[in-house]
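Single-letter residue listing:
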Amino acid sequence: TWSAGAARPTDAGKMEPSRWLRNLVHVARQLFLPLALVFLAMAAYGARDVVAATLAHARPGPLILTVLAWSLLSLLVPVTSWLVLSGLGTGIGYRTALRIHVARLPARYLPGGVWQTVSRVVDLHALGVTKAQLSVLVAMENLAPLAMALVLGGACAWFAGVGRLPAPAIVVLGLLLGLSLP
């Protein structure tokens, strides 16, 4: 017999795939921060000459302001999640989106670049966000910056007079993409 808290054995005595997957995700989430720190340390060590030269030639005031501005962008990123999920009728507020984003931020620095999104999606699903809602969120989080990059990049190329690029077409493509988003 098995209890409600234990994994239900299959006829071969193995755990159910959903329980096995939950255990795997739990272990992976515990490893995100240590692995991210290891990879950041390796990257810093590999770029130590560049980092040392930058620190030696940088003015402290602007450098500190730049780091603070970059850090504050973490407060802005969850706004997209909050707006999209609110529009989809979930009860996820900005504070919850921010808490999840900040908690999963170290996973952004793992090789592959998808692990923060994966861990945030797992967290949101555990809070009751459906797979369909999560699909819309992930699409929006990726398409909205693409649309903005097309509009801004195309506009800059257009105003700079770069003749080889169809800058007006790039701007229009970005606007159409942005307007097509829900």
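This report concerns the structure included in the present document. On a predicted model such as this, the values are computed, not experimentally measured, just so you know.

Some remarks on the overall build of the protein
The secondary structure content of the protein amounts to seven helices and zero strands. From first element to last, N terminus to C terminus, the protein shows the α and β order α-α-α-α-α-α-α. The burial tally for the protein puts 21% of its 182 residues in the buried class. Contacts in the protein between residues far apart in sequence, at least 24 positions, make up 48% of those at least 6 positions apart.

Concerning the packing of helix α3 (residues 60-87) against helix α6 (residues 131-160)
How two helices pack is summed up by the angle between their axes together with the distance between the axes. Their axes nearest at 10 Å, the elements α3 and α6 cross at an angle of 135 degrees. Classified by the angle their axes make, α3 and α6 are oblique. The handedness of the crossing between α3 and α6 is right-handed. In this structure, α3 uses T80, S81, V84 and L85 to contact α6, whose residues at the interface are V136, L137, M140 and E141. In the contact of α3 with α6, the residues fall into five nonpolar, two polar and one charged.

Thoughts on helix α5 (residues 115-126)
The end-to-end C-alpha separation of α5 is 16 Å, in line with the 16 Å expected for 12 residues at 1.5 Å each. All of the buried residues in α5 are Q116, S119, R120, D123 and L124. Take α5 and look down its axis: the buried residues cluster within an arc of 135 degrees, on one side only.

Some points on the nonpolar core
Counting residues in each nonpolar core, the largest one holds 10 residues, listed as V84, L85, I92, I100, L124, V129, L134, L137, M140 and L181. Those elements that provide at least two residues to this core are α3 and α6. Sort the elements by how many residues they give to this core and α6 lands first, with three residues. What L85 contacts, discounting residues up to four positions off in sequence, is T90, I92, L124, V129 and L137.

A closer look at the pattern of salt bridges
Scanning the entire structure with this criterion turns up two salt bridges. R104 is the salt-bridge partner of D123, the closest N and O atoms lying 2.7 Å from each other. Placement of the pair is D123 in helix α5 and R104 in the loop between α4 (94-103) and α5, with a sequence separation of 19 residues. Note on accessibility: D123 and R104 belong to one class, buried. Residue R120 pairs with E141 through a salt bridge whose shortest N-O separation is 2.5 Å.

Here we look at the packing of α3 against α4
Two elements in contact, α3 and α4, have axes whose closest approach is 8 Å; the angle formed by their N-to-C orientations is 125 degrees. Viewed along their axes, α3 and α4 adopt a mutual orientation that is oblique. The chirality of how α3 crosses α4 is right-handed. Of α4, the residues touching α3 (which contributes S74, L75, V77, P78, V79, S81 and W82) are Y94, A97, L98 and H101.

Cut-offs applied
Residues numbered from 1 in each chain as written. Predicted model: local features only at pLDDT ≥ 70, side-chain atom pairs only at ≥ 80, totals over all residues. Heavy atoms only, no water. Helix = DSSP H or I, 4+ residues; strand = E, 2+ residues; numbered from the N terminus. Buried < 20%, exposed > 50% of the residue type's maximum accessible area, 1.4 Å probe, protein only. Contact = heavy atoms within 4.5 Å. Axes fitted to C-alpha atoms, helices over the stretch in contact; angles between N-to-C directions. Parallel < 35°, antiparallel > 145°, perpendicular 65-115°, else oblique. Left-handed = near helix turned anticlockwise from the far one by under 90°. Nonpolar A, V, L, I, M, F, W, Y, C, P; charged D, E, K, R; others polar. Expected span 1.5 Å × (residues − 1). Arc of directions from axis to C-beta. Core = buried A, V, L, I, M, F, W, Y, C linked by side-chain atoms within 4.5 Å. Salt bridge = Lys/Arg side-chain N within 4 Å of Asp/Glu carboxyl O.

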